[in-house]
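# Coordinate analysis (summary)
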Amino acid sequence: MNTREIKVQKQGLIPIKERILVIITIIVAASMMLWELKGLLQLSLNTLHSRQFEHTFKGFGSNARIALFFVLAYYVLLRIIRLRMLKGQSKVKKWLSTLLRYARRWHTPAAIIAIAFIILHTVTVFMHGFKFDFNNISGLLSLLVLLPVPISGLFRYQRMDRKWHLRSGVAFAILFLIHSFL
């Protein structure tokens, strides 16, 4: 076992630099989910099946979409900064690297918040009434592909994921975009 593997084992599951922010984000996301679910459970059946309730679950989906675009921005910025046409553009690269650091720092917290909104969106869709149409099936498929993303993200911290986090994340992003915009 080399020193890098020993160092990774000693630091725990999540690096110390990110641990506090991740824990705070998990607490905020769990509190938000419990609060919203408590409110949803108090609604009457007439309200759940009304046209107005559609705005509720579409609102959760829209909030998840915004958070996911922020999560995906990290990978987009990473690709852009590696472009060959930016070779001589030091000012642009410096500006992009600042954005990349910001996106990297908030990638995991935004993903946790997005997953909370996705769970709320899924629960409210099932409360409203699930229909077997293209939109709902594509949403379920993207949800199934999303399940391994956070798990492989934890392995990513340990450098044991073999790019599964990126691969499953790209598959989720494609299915998510199909669900969102078609």
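Throughout this description, residue numbers start from 1 for each chain and increase along the sequence as written. In view of the model being predicted, local features appear only for residues whose pLDDT reaches at least 70, and side-chain atom pairs are presented and counted only at 80 or more, with totals across whole chains, interfaces and linings using the full set of residues. Note that the side-chain values use all heavy atoms of the structure and ignore hydrogens as well as water.

## Overview of the overall build of the protein
What counts, and what does not: Put simply, DSSP H or I for four residues or longer makes a helix, DSSP E for two residues or longer makes a strand, and each gets a number counted from the N terminus. Pairs of residues are marked as contacts when any of their non-hydrogen atoms sit within 4.5 Å. Only the protein chains shown count as cover for residues, with accessible areas throughout obtained via the Shrake-Rupley method and a probe of 1.4 Å. Positive charge is attributed to Lys and Arg, negative charge to Asp and Glu, and no charge count is given to His or to the chain ends. For this purpose, a charge sits on NZ of Lys, CZ of Arg, CG of Asp or CD of Glu.
What the protein contains, in helices and strands, is eight helices and zero strands. Going from N to C terminus, the protein has its helices and strands arranged as α-α-α-α-α-α-α-α. Referenced to the eigenvectors of the C-alpha coordinate spread, the extents of the protein come out at roughly 60 × 40 × 25 Å. For the protein, long-range pairs separated by at least 24 residues make up 74% of all intrachain contacts whose partners lie at least 6 apart in sequence. Counting every atom, the protein has about 12600 Å² of accessible surface; 67% of that belongs to carbon and sulfur. Between the mean site of the 25 positive side-chain charges and the mean site of the 6 negative ones, the protein shows a separation of 14 Å.

## A word on the side chain of S138
Convention followed: Whether a residue is buried, partly exposed or exposed follows from its accessible area with a 1.4 Å probe, protein chains only, as a fraction of its type maximum: under 20%, in between, or over 50%, in that order.
Along the chain, S138 falls in helix α6 (residues 134-146). By relative accessible area, which is 6% here, S138 ends up buried. Discounting chain neighbours no more than four positions away, the residues touching S138 are L175, I178 and H179.

## A few points about helix α8 (residues 164-181)
Using the following cut-off: Here the expected span of a helix is defined as 1.5 Å times the quantity of residues minus one.
Compared with an ideal rise of 1.5 Å per residue, which puts 18 residues at 26 Å, α8 spans 25 Å between its outermost C-alpha atoms and is within 8% of the ideal. Residues of α8 that are buried in the fold lie against α4 (51-81), α5 (90-128), α6 and α7 (148-157).

## Observations regarding a nonpolar patch on the surface
How we decide: Patch membership requires over 30% relative accessible area and the absence of a salt bridge. Like charges are linked within 9 Å, and nonpolar side chains (Val, Leu, Ile, Met, Phe, Trp, Tyr) within 5 Å. A carboxyl oxygen of Asp or Glu within 4 Å of a side-chain nitrogen of Lys or Arg is what we treat as a salt bridge.
Side chains of F132, I137, L141, L144 and L147 sit close together on the surface and give an oily, nonpolar patch of about 540 Å² of accessible area. Relative to the helices and strands, L141 is located in helix α6. A relative accessible area of 44% means that L141 is categorised as partly exposed.

## Side note on a positive patch on the surface
Taken together, the side chains of R79, R82, K163 and R167 make up a positively charged region of the molecular surface. If you trace the backbone, R167 turns up in helix α8.

## Overview of α4
Taking 1.5 Å of rise per residue, 31 residues should cover 45 Å, and α4 covers 45 Å from first to last C-alpha, within 8% of that figure. Considered for burial, the residues of α4 that qualify are F53, E54, F57, F60, G61, A64, A67, L68, V71, Y74, L77 and I81. On its buried side, α4 packs onto α2 (16-41), α3 (45-48), α5 and α8.

## Overview of the packing of aromatic side chains
Filter applied, for reference: Classification of ring pairs uses Phe, Tyr and Trp, with its six-membered ring standing for Trp, and accepts pairs whose centres are within 6.5 Å; under 30 degrees between planes counts as stacked, over 60 as edge-to-face, and the remaining range as tilted.
Following the criterion strictly, the structure yields nine aromatic pairs and no others. The interplanar angle of 65 degrees and the centroid separation of 6.4 Å between the aromatic rings of F53 and F57 together place this pair among those described as edge-to-face. Separated by four residues within a single helix, F53 and F57 lie in helix α4, roughly one turn from each other. Exposure remark for F57: the relative accessible area of 10% places this residue in the buried category. Ring plane angle 65 degrees and centroid distance 6.0 Å describe the contact between F69 and F176, whose orientation is recorded as edge-to-face. Taken together, the residues F69 in helix α4 and F176 in helix α8 connect sequence positions 107 residues apart. On the accessibility criterion, F69 (36% relative accessible area) is partly exposed. Pairwise contacts between aromatic rings join F69, F172, F176 and F181 into one cluster.

## Overview of the layout of surface pockets
Let me state the cut-off plainly: Using a 1 Å grid laid over the protein atoms alone, points where a 1.4 Å probe fits but cannot get out form a cavity; open sets with protein on both sides within 12 Å along at least 5 of 7 lines form a pocket; any residue with an atom within 4 Å of a point counts as lining. Grid points are joined across faces, edges and corners, and a volume is the space filled by probe spheres set on the points. Three classes are used: nonpolar for Ala, Val, Leu, Ile, Met, Phe, Trp, Tyr, Cys and Pro, charged for Asp, Glu, Lys and Arg, and polar for all others, with Gly counted as polar.
Of the voids in this model, the second largest pocket is the one considered here, and its volume is about 660 Å³. As for the second largest pocket, its lining consists of 30 residues, of which H121, V125, N135, N136 and H179 are closest to the centre. Contributing elements (two or more residues each) for the lining of the second largest pocket: α4, α5, α6 and α8. Looking at the lining of the second largest pocket, the element that brings in the most residues is α4, giving eight residues. The residue inventory of the lining of the second largest pocket, partitioned by class, reads 13 nonpolar, twelve polar and five charged.

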